[in-house]
Number of protein chains: 2
Amino acid sequence: MISILGSTGSIGTQALDVIRGNRDKFSVAALSCASSIELLCSQIEEFKPQAVCVAKQEDALQIQRKYGNTEVYYGRDGLLEIASMEDCDMVLNSLMGMKGLEPTIAAAEAGKNIAFANKETLVAGGEQVMRSVKKNGVRMLPVDSEHSAIFQCLEGNSRSSVRRIILTASGGPFRGYSLQELENVTLAQALRHPNWSMGKKITIDSASMVNKGLEIIEARWLFDIPAEDIQVVVHPQSVLHSAVEYADGSVIGQMGNPDMRVPIAYAFSYPERLEMLDSQESLDFFSLKEGMTFYPADRQTFKTIDLAYDACRMGGSYPVALNGANEVLVDMFLHEKIRFIDIQNNLMKVMENHRPKYNLSIGEVLEEDMKIREEVRKMML
Amino acid sequence: MISILGSTGSIGTQALDVIRGNRDKFSVAALSCASSIELLCSQIEEFKPQAVCVAKQEDALQIQRKYGNTEVYYGRDGLLEIASMEDCDMVLNSLMGMKGLEPTIAAAEAGKNIAFANKETLVAGGEQVMRSVKKNGVRMLPVDSEHSAIFQCLEGNSRSSVRRIILTASGGPFRGYSLQELENVTLAQALRHPNWSMGKKITIDSASMVNKGLEIIEARWLFDIPAEDIQVVVHPQSVLHSAVEYADGSVIGQMGNPDMRVPIAYAFSYPERLEMLDSQESLDFFSLKEGMTFYPADRQTFKTIDLAYDACRMGGSYPVALNGANEVLVDMFLHEKIRFIDIQNNLMKVMENHRPKYNLSIGEVLEEDMKIREEVRKMML
């Protein structure tokens, strides 16, 4: 029984696709979405969840009228409700941004294993989330393709022998661009990811390399490894999804075609693997025309990677600031209120001027996040 | 306590190098060699084994006079003695060829874990060896770089979800040659392997692709997988040492610099990994100038790969014939009595004319092997 927070997004719909192909193994306990009500209704009809949650009360009422047998919740409290409901073994958190933080904690405290695709939450509240995960003895199964790869490469090995994590990056649509060339890129260009089809926010984050920065911080918490032992390697073909180097010099990597259903399915079926012959073709090594190539990340053009390492090193509320500011700036760019380069430039400014706080509670993380967003909005007026 | 059968060869000396760097973890129970007596003596002085074994009685007597405290054995019986001696937890079988078969069985029956670098033995007696390994509940830890890679990629996964093994091959010095071009290659060219420094026999086997064929058969037995699920992929850079594809489309691969000490150390320390910072540099993805490239094996030029698949499929004594004939032919080529292409041409002839036997005992495998060698020698007069 799986509850899916964010069931109408890119990860959510692909997760339902995995469940659709494995009805004998999985069923849906609950679904949630913000405002894609029409899609949610068709998901209710197909998967018959016990409960659903939407953002607004009016949508909830409408759904309740239509589906009398379904428990319908709304808003923050509704999300917490379905993240911790009794008839559910696993919560897939595919929410976007900080609204996933409290439901993650709620799921952990209710003893649910968590399939995790909500990196902003770990970036801002990694310390607090992982403490709760540990305390409650639940599993945190990464769904990001890179982190799923790392997780898979760690299986059967002891953590103490990890020397380095190799976090691969496609480099995004602007790989090879100079800082100057980055000044003139358009929204349409930024939305055109070369390898992966994803939501808009993560696609922009991939173009700015903020995504890779957030992934460094996410990996730091998920795998309890210092950020300086995480190396970003640009690998344009996105075949090697990431790798782990061990003390003996051995590097274990996970490869495959770019298909998010693979890490989703692995999180659902861990430690087993599902048969995905129909939906997932075998990786064809011979079709890799230029082979698999690897380059250092261009930190002259993409300053965002160093910002993430800095945030990790300085700790406290720095990652909260980086993440919160980025969410605001990406939203402004998506609405064409700022240029692409302004994301990075303003992130540098935010990090420079940030007055850090330490030892935050979950509530304080959320407060700090709100405060930073407010500051950034003001700054951009 | 480790016994090393074949301590003066390429694998043996590298194994002692691993032990040299980890004296707190490993010590040497016994050493054996055929005729490199001088090197063996220096190994005795450095590692102070309880016992040694050489091929000839006269060498044994000479060593016994020099090292009064060492038990000295010779010949077949001596090898069986040190493969099963009491004060020893693991036997590294780095013997070359069929003389490793009986000691492997002896080690298994004495309850020793086996670090295995003697592929001919598994090719000819795979069924019998693996039956004994299973019956005696010992571990078979592959030392071949490819099979160690596969073994590592299988850790933490269930065997039932394996879809395919990707067995990589450098392609050897004659990659890209036509069948006609293969007619004129010299011994010196065949001995010049592009990536690995190894013994002469395996270097020739790499040039003829017989080595990859034998590795298919070895993998078939080690991992209990049908040969048709083992795919040979030519990968000239030898960075990806092999990989496993799972039912979900995920491919786990093991990568590293070409250094046999890594698989040797892994076999010794399994399931842990040794710290090998001094001897083993990190894999530098950025130094891969042409990236990692992959090609299908050229079965028009190298008929030996299909011979191996055929031998697997037909079973019985076919693999014994392939392996025995190859040992004789490689020896003749190393003594410049035949051309390089004659190895492959005569292997085809041997396989075509072989009258198979089935359900052989270990003794019958050895008998069959002797008979085939005799036949090949006669055929080549």
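What you are looking at is a predicted structure, and each value in this text was computed from that prediction instead of being measured.

### Here's the deal with the interface of chain A and chain B
Moving on, step 1. Each partner contributes to the interface: chain A provides 48 residues, whereas chain B provides 48 residues.
Moving on, step 2. Summed over both sides, the interface of chain A with chain B buries roughly 3800 Å², with 54% coming from carbon and sulfur.
Moving on, step 3. For chain A, the biggest contributors to the area lost against chain B are D248, R273 and F286 of chain A; these three give 20% of the whole.
Moving on, step 4. Inspection of the chain A/chain B interface yields two salt bridges.
Moving on, step 5. Note that R273 of chain A and D248 of chain B form a salt bridge whose closest N and O atoms lie 3.0 Å from each other.
Moving on, step 6. Those elements that provide at least two residues to the side of chain A that touches chain B are β8 (162-169), β9 (230-234), β10 (240-246), β11 (251-255), α12 (261-269) and β12 (295-296) of chain A.
Moving on, step 7. Counting residues per element, the side of chain A that touches chain B draws most heavily on β11 of chain A, at five residues.
Moving on, step 8. Across the side of chain A that touches chain B, the residue classes break down as 23 nonpolar, 15 polar and ten charged.
Moving on, step 9. Where β11 of chain A meets strand β11 (residues 251-255) of chain B, five bridges bridge the pair, whose relative direction is antiparallel. Note on β11 of chain B: the bridge partner recorded for Q254 of chain A is I252 of chain B.

### Thoughts on the side chain of R261 of chain B
Moving on, step 1. Considering the arrangement of structural elements, one finds R261 of chain B in helix α11 (residues 261-269).
Moving on, step 2. Of the polar contacts made by the side chain of R261 of chain B, one reaches the side chain of D17 of chain B; its length is 2.8 Å.

### Quick look at the domain arrangement of chain A
Residue and element names in this part refer to chain A.
Moving on, step 1. With domains assigned, chain A is organised as domain 1 (2-142) and domain 2 (147-254 + 266-314).
Moving on, step 2. Using C-alpha coordinates to define each centre, domain 1 is positioned 25 Å away from domain 2.
Moving on, step 3. With 24 residues of domain 1 at the contact, the number on the domain 2 side is 21 residues.
Moving on, step 4. With both sides pooled, the region where domain 1 packs onto domain 2 buries about 2000 Å², and carbon together with sulfur makes up 76% of that total.
Moving on, step 5. Looking only at domain 1, the three residues that lose the most surface to domain 2 are K119, V123 and P142, adding up to 32% of its buried area.

### So, the environment of D87 of chain A
Residues and elements named next belong to chain A.
Moving on, step 1. Within the secondary structure layout, D87 lies in the loop between α4 (75-83) and β5 (90-93).
Moving on, step 2. Residue classification places D87 among the partly exposed residues on the basis of a relative accessible area of 42%.
Moving on, step 3. Residues D87 and I2, spaced 85 residues apart in sequence, show a C-alpha to C-alpha distance of 8.7 Å.

### Topic: helix α16 (residues 362-379) of chain A
Residues and elements named next belong to chain A.
Moving on, step 1. Along its 18 residues, α16 runs 26 Å from first to last C-alpha, staying within 8% of the 26 Å computed at 1.5 Å per residue.
Moving on, step 2. Within α16 the residues assigned to the buried category are I362, V365, L366, E368, D369, I372, R373 and V376. For α16, the arc enclosing every buried residue in end-on projection is 160°, short of the 170-degree limit, so these residues lie on one face. In α16, the exposed residues that point more than 90 degrees away from the buried face are E367, M370 and K378.
Moving on, step 3. Along its buried surface, α16 packs onto α5 (101-109), α6 (119-136), α14 (318-334) and α15 (340-353).

### Considerations on the sheet that holds strand β7 (residues 140-142) of chain A
Residues and elements named next belong to chain A.
Moving on, step 1. Read across the open sheet, the seven strands follow the order β4-β3-β2-β1-β5-β6-β7; overall the sheet is parallel. Of all the strands in the sheet, just β4 (71-74) and β7 have a single pairing partner and so form its edges. Averaged over all adjacent pairs, the angle separating strand axes in this sheet is 15°, with direction ignored.
Moving on, step 2. Lying over the sheet, helix α1 (residues 10-20) contacts β1 (2-5), β2 (28-32) and β5, oriented at roughly 160° with respect to β1.
Moving on, step 3. Here α5 sits on the sheet and contacts β1, β5, β6 (113-116) and β7; the angle it forms with β6, its principal contact strand, is near 150°.

### Comments concerning the state of the cysteines
Residue and element names in this part refer to chain A.
Moving on, step 1. The tally for this structure, following the rule as stated, stands at zero disulfides over all chains.
Moving on, step 2. Free of any disulfide, C53 has its nearest neighbouring cysteine sulfur in C33, separated by 8.6 Å.
Moving on, step 3. Note on C53: relative accessible area 2%, which makes it buried.

### Quick notes on the relation of the copies chain A and chain B
The pair of chain copies shares a relation made of a rotation about an axis and a shift along it.
Moving on, step 1. Note on the copies: chain A fits chain B at an RMSD of 0.0 Å, the axial shift is 0.0 Å, and the rotation between them is 180°. Here the symmetry operator amounts to a two-fold rotation axis.
Moving on, step 2. Both copies share a contact surface, since 100% of the interface residues of chain A are interface residues in chain B too.

### Some thoughts on the pattern of salt bridges
All names here are of chain A.
Moving on, step 1. Following the criterion strictly, the structure yields 56 salt bridges over all chains and no others.
Moving on, step 2. With a shortest N-O distance of 3.8 Å, E183 and R339 are connected by a salt bridge. Taken together, the residues span a long stretch of sequence, with E183 in the loop between α8 (179-182) and α9 (187-190) and R339 in the loop between α14 and α15 at a distance of 156 residues.
Moving on, step 3. On the basis of relative accessible area, E183 is assigned to the partly exposed category, the value being 35%.
Moving on, step 4. When its relative accessible area of 40% is taken as the criterion, R339 is described as partly exposed.
Moving on, step 5. Notably, a salt bridge pairs R373 with D369, separated by 2.8 Å at the nearest N-O pair. A residue pair is termed a helical-turn pair when its members lie 3 or 4 positions apart in one helix, as R373 and D369 do in helix α16 at four residues.

### Let's talk about unusual backbone geometry
Moving on, step 1. In this structure, P271 of chain A follows Y270 of chain A across a cis peptide bond, with omega equal to 5°.
Moving on, step 2. Within the secondary structure, P271 of chain A sits in the loop between α12 and β12.
Moving on, step 3. Backbone geometry places E336 of chain A, a non-glycine residue, at a positive phi of 55°.
Moving on, step 4. Structurally, E336 of chain A is set in the loop between α14 and α15.
Moving on, step 5. A relative accessible area of 62% places E336 of chain A in the exposed class.
Moving on, step 6. Residue S242 of chain B is not a glycine yet carries a positive backbone phi of 160°.
Moving on, step 7. By the secondary structure assignment, S242 of chain B is in strand β10 (residues 240-246).

Parameters at a glance
- Residues numbered from 1 in each chain as written.
- Chains lettered and ligands numbered in written order.
- Predicted model: local features only at pLDDT ≥ 70, side-chain atom pairs only at ≥ 80, totals over all residues.
- Heavy atoms only, no water.
- Contact = heavy atoms within 4.5 Å.
- Buried area = accessible area lost by both parts, 1.4 Å probe.
- Salt bridge = Lys/Arg side-chain N within 4 Å of Asp/Glu carboxyl O.
- Helix = DSSP H or I, 4+ residues; strand = E, 2+ residues; numbered from the N terminus.
- Nonpolar A, V, L, I, M, F, W, Y, C, P; charged D, E, K, R; others polar.
- Pairing = 2+ DSSP bridges.
- Polar contact = N/O pair within 3.5 Å; in protein donor to acceptor, adjacent residues only side chain to side chain.
- Domains from an automatic or database assignment.
- Buried < 20%, exposed > 50% of the residue type's maximum accessible area, 1.4 Å probe, protein only.
- Expected span 1.5 Å × (residues − 1).
- Arc of directions from axis to C-beta.
- Axes fitted to C-alpha atoms, helices over the stretch in contact; angles between N-to-C directions.
- Disulfide = S-S within 2.5 Å.
- Least-squares fit on C-alpha atoms with pLDDT ≥ 70 in both.

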